[in-house]
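Summary of the model geometry
Listed below are the residues making up each chain.
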Amino acid sequence: MDLLALADFTLVARHGGFGKAARAARRPKATLSRRVAELEAALDLRLFERGRRDLKLTEEGRALFERAGALLNELEETAAAIASGGERVRGRLRISVPLLFGQMAMGRLVAEFARQHREVRLEVTTDDRAVDMIEEGYDIVIRVDPGMDEALVGRPFLHDRLVVVAAPDLLRPADTAVPVVVRGGDTATSWSVCRPDGPEMVSVDPVMRLSSMVMIRDAVRAGGGAARLPLSLVGRDIADGRLAHWGDVAGSDIALWALYPSRRLLNARVAAFLEFLRRSFPTGAPEELAAYVAG
C-alpha cells in the first residue's frame, strides 16, 4: 500500500473535503483527488461518497480513517522523537478503566501524571466491558483479572481481595439467613467466609440489589445488610470502626492489570504511565490503594 496516498486520504478525511485539505496543506486539489482515487483503485473500495457539494466517508472509508489515522500519528511521533534525539513524553493518551477504580483513584492519578508530563493530553473513560483496544483506539486498558489475549501484553500493578463487612451494630442471626446487599446479577444463596477459626458457610438473603460497589458500601454503612466488597474500598472504614470485618471471601484474590497492544511499539507515553503506576503502588497491596484513596 502507498503510504503517501494513505496519508493524503487521511488528510482529506480529517478536513472533510478536497478543497479544505488542499488549502490546509497548501497542495493542489487535483493532486489530492488523484491520489485518493489511486488508493481506492488499489484497494478496490470506494472510500468517499462524492455529492455535488459535500464529501462523506463510506463505512469502509470511516474504518480505514480510524485505523490509519492512529497509525500515521504514531509514525509521525516516532520520527519526531528520533529526530529530536530521544523520546519525549507527549501527545494523546487514551485509557479505559473499570468503573470502581475510576471512581476511587483515577481522577487523582491522572492529575498527578499530567503535572509531571505537561505535553500529554489524557482521555480516560470508565467501562466494565471488554473493550477492543485496537478498534476503539485505546493506548492502555486497565482490567481486573483479564483473560488470555495474544494481542495484548501487560502486567498487574495492584492486588485486592473481597471481604465480608457490615455495620458494627448489625448482629448475625443465629437461625436465619444473613440480610445482605449484592450486585444486580449475584444469585448466590451462601457465602464461604474465611474466619480465624476456619472457613464457614453463611446462608444469605439478598435484601438489596445495587449496580455499583460504591452504592453497596454506602448501603452497608447505613445498616442495610452485610456485603462482599473489595478490601481497598472498605479498608479505611474497617480501620476507623465504621464497618465490622466478618472475614475474607474464600478464593477471592484478584489483580488489576494494565494492558496494551502487543503489536504496537511501547511509546513514551505508555511507558511513562506504566512506570507512574508502578511508583504510585510500589507493593501493589490492597491496603496501599485504600491508603491512596484516603489520602
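The preceding data block contains the structure.
Anyway, here's the lowdown on the structure attached to this text. (Residues numbered from 1 in each chain as written. Predicted model: local features only at pLDDT ≥ 70, side-chain atom pairs only at ≥ 80, totals over all residues. Heavy atoms only, no water.)

Brief notes about the packing of helix α5 (residues 99-116) against helix α9 (residues 268-280)
Where α5 contacts α9, the two axes come as close as 11 Å, and the packing angle between them is 120 degrees. By the angle between their axes, α5 is oblique relative to α9. The chirality of how α5 crosses α9 is right-handed. Contacts from Met106, Leu109, Glu112, Phe113 and Gln116 of α5 reach α9 at Arg269, Ala272, Phe273, Phe276, Leu277, Arg279 and Ser280. Taken together, the residues that form the contact of α5 with α9 break down as seven nonpolar, two polar and three charged. (Axes fitted to C-alpha atoms, helices over the stretch in contact; angles between N-to-C directions. Helix = DSSP H or I, 4+ residues; strand = E, 2+ residues; numbered from the N terminus. Parallel < 35°, antiparallel > 145°, perpendicular 65-115°, else oblique. Left-handed = near helix turned anticlockwise from the far one by under 90°. Contact = heavy atoms within 4.5 Å. Nonpolar A, V, L, I, M, F, W, Y, C, P; charged D, E, K, R; others polar.)

Some details on empty space enclosed by the protein
Counted by the stated rule, this structure contains three cavities of 30 Å³ or more. Each pocket or cavity is described by its volume, and for the second largest cavity that value is around 60 Å³. Broken down by secondary-structure element, the contributors of at least two residues to the lining of the second largest cavity are β8 (178-183), β9 (190-195) and β10 (198-210). Residues of the lining of the second largest cavity, tallied by class, amount to eight nonpolar, no polar and one charged. (1 Å grid on protein atoms, 1.4 Å probe; cavity = no way out; pocket = protein on both sides within 12 Å on 5 of 7 lines; lining within 4 Å. Points joined across faces, edges and corners; volume = space filled by probe spheres on them.)

A short note on helix α7 (residues 213-221)
Taken together, the buried positions of α7 are occupied by Met213, Ile216, Arg217, Ala219 and Val220. Looking straight down α7, one finds its buried side chains confined to an arc of 165 degrees; they lie on one side. Tucked into the core, α7 has its buried residues touching α5, β7 (162-166), β8, β10, β11 (227-230) and α8 (231-240). Measuring from the side-chain oxygen of the N-cap residue of α7 to the backbone nitrogen of valine 214 gives 3.1 Å; that N-cap residue is serine 212. (Buried < 20%, exposed > 50% of the residue type's maximum accessible area, 1.4 Å probe, protein only. Arc of directions from axis to C-beta. Polar contact = N/O pair within 3.5 Å; in protein donor to acceptor, adjacent residues only side chain to side chain.)

Quick notes on the pattern of salt bridges
Two side chains bearing opposite charge may form a pair once their charged atoms approach each other closely. Applying the stated rule across the entire model yields 19 salt bridges. For the salt bridge of arginine 228 with aspartate 186, the shortest nitrogen-to-oxygen distance reads 2.9 Å. Of this pair, arginine 228 sits in strand β11 while aspartate 186 is found in the loop between β8 and β9, placing the two residues 42 residues apart along the sequence. Classification of arginine 228 by relative accessible area gives partly exposed; the value is 22%. Among the ionic pairs, aspartate 218 bridges to arginine 221, the shortest N-O distance being 3.7 Å. With a gap of three residues between them, aspartate 218 and arginine 221 both fall in helix α7, about one helical turn apart. (Salt bridge = Lys/Arg side-chain N within 4 Å of Asp/Glu carboxyl O.)

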